[in-house]
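# Close look at the chain arrangement
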Protein chains: 2
Amino acid sequence: MKNDITTEQKIKAAAREVFISKGFAACSTREIAKASGMNVALVNYYFRSKMELFKLVFHDAMEEFVNSMVEVFRTDKPLEDKIRLLIEKEYDFLSRHPELPGFIVNELHREEGYEVDSSYFDKVLNSGIVEECQRAFEAGTMREINLVSLTLLIMSNCDFPFMSKNLMKGIHKLSDEVYETHLNNHKKIVTDMLISYLFPQKSI
Amino acid sequence: MKNDITTEQKIKAAAREVFISKGFAACSTREIAKASGMNVALVNYYFRSKMELFKLVFHDAMEEFVNSMVEVFRTDKPLEDKIRLLIEKEYDFLSRHPELPGFIVNELHREEGYEVDSSYFDKVLNSGIVEECQRAFEAGTMREINLVSLTLLIMSNCDFPFMSKNLMKGIHKLSDEVYETHLNNHKKIVTDMLISYLFPQKSI
DNA sequence: AACAGTTTTAAACAAGTGTTTAAATCAACT
DNA sequence: AGTTGATTTAAACACTTGTTTAAAACTGTT
């Protein structure tokens, strides 16, 4: 059949799984080959090297990671609602890809690591959200805050809870299931906290 | 001289540096040996294996990580001040050990990873802070929030900004120095946000 | 059926891995 | 000076690593 999954796709899919769950250094070409049901030579036949394959996987990961944000900014809503929706969507996205932020943050941290191609985030910065924040600052509807801190606030409170799952489970002696429900509670807490900080009620 | 740094200490110190900056999988015994100015055999002579050495390093890292919190809880201050001080001290600590949280979170994430010996955190949980929060809930001086979310709020907003340095530098095209100053600004923002969320002003 | 091009395989390569061996060096004490 | 024990060294072990080779199997076309 024509629309079967090709060998190339199988390998890339397996590589994605292995790379994201163990990291570049902690896995071998043979492990990826075995996970895809193929052999070592095929990995390099289609992708030239472990490194090239990794770059593809990392690139895809970054795209997904960023796109999940940009969608929200493109919607036609008041800024406050956009931020609410952003947090909501981020928690959704991270529930489906809980290992992504840790993978990205960690691989970027290795010194041999690749720099972030900033074009990934140009999408975000060119989505109009920056100007929208600027207007909100000037109109006094949003607390004045620089963009780095705004990014940090949102990402810290969305990504870290997923990245630190094992640590949190250890600290509080929780099962996977219980932690899931905590994550769900936490989403609301984070939303409330961020919204009330960023959009303070003006008391006359 | 008697109080020279011993070979054992040199190796452990070098191992700490290498393990924390590259992770367990991404470095070799020979790299650690070279970094300490010794040879491979000495590493295993003193520490039996790469794994045993890693466990020691990880253990120390965990202790430092936890101790930096517990100190604060032992002080004799109102709860709100303790939280302020905690954030302050965490940012201080993380400025000196910026790679620690990423190291811990990431090594705990590898499936072959060691579970968190929960005794590390028993120190925290037995420091009296839990009861103090409970009393504050009942007295209505603090927003009622479960301990998992409280931990998450504080750690997310303290640790993530250090863990995501390279990502943030990439997103916003910042130099090391500029990001440092952003971190300093962010500390105040985080403090304000957390305090005003956890200790809301009662409007009659 | 014969060809040509792509895909797959098993095997090999050199280099690097964690670990161990056995000999050499050192320090302290008789 | 000789003995004992701890420390250090170079070399080797068996195994895994990423990558390449060259032959085999498969595909579609004439």
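Higher on the page you've got the structure.
Let us look at the structure shown here.

Parameters at a glance
Residues numbered from 1 in each chain as written. Chains lettered and ligands numbered in written order. Predicted model: local features only at pLDDT ≥ 70, side-chain atom pairs only at ≥ 80, totals over all residues. Heavy atoms only, no water. Salt bridge = Lys/Arg side-chain N within 4 Å of Asp/Glu carboxyl O. Helix = DSSP H or I, 4+ residues; strand = E, 2+ residues; numbered from the N terminus. Buried < 20%, exposed > 50% of the residue type's maximum accessible area, 1.4 Å probe, protein only. Near = heavy atom within 4 Å. Polar contact = N/O pair within 3.5 Å; in protein donor to acceptor, adjacent residues only side chain to side chain. Phe/Tyr/Trp six-rings, centres within 6.5 Å; stacked < 30°, edge-to-face > 60°. Lys NZ or Arg CZ within 6 Å of the ring centre and 35° of its normal.

This part is about the pattern of salt bridges. Residue and element names in this part refer to chain A. Counting across every chain of the model gives 26 salt bridges over all chains. A salt bridge links Glu-132 to Lys-82, with the shortest nitrogen-to-oxygen separation between them at 2.7 Å. In this pair, Glu-132 is assigned in helix α8 (residues 129-139) and Lys-82 in helix α5 (residues 79-96), connecting sequence segments 50 residues apart. Relative accessible area serves as the criterion here: at 15%, Glu-132 is assigned to the buried category. On the basis of relative accessible area, Lys-82 is assigned to the buried category, the value being 6%.

What surrounds DNA strand D is a group of 16 residues, the closest being A:Thr29, A:Arg30, A:Lys50, B:Thr7 and B:Tyr46. Taken together, the sugar and phosphate atoms account for 54% of what DNA strand D places within 4 Å of the protein. Residue A:Thr29 places a main-chain N or O atom 2.7 Å away from a phosphate oxygen belonging to DNA strand D. One of the side-chain nitrogen or oxygen atoms of B:Tyr46 is found 2.7 Å away from a phosphate oxygen of DNA strand D. Among the secondary structure elements, those contributing two or more residues to the surface near DNA strand D are α2 (29-36) and α3 (40-47) of chain A together with α3 (40-47) of chain B. The greatest single-element share of the surface near DNA strand D, amounting to four residues, is contributed by α3(B).

So, on to the packing of aromatic side chains. Enumeration over the complete set of coordinates arrives at 16 aromatic pairs over all chains. When the centroid spacing of 4.9 Å and the interplanar angle of 80 degrees are considered together, the rings of A:Tyr45 and A:Tyr46 count as edge-to-face. Overall, the relative accessible area of 63% leaves A:Tyr45 in the exposed class. Taking the ring centre of A:Tyr197 as reference, the NZ or CZ of A:Arg143 above it sits at 3.9 Å. The cationic tip of B:Lys50 hangs over the ring face of B:Phe24; the distance from NZ or CZ to the ring centre is 4.2 Å.

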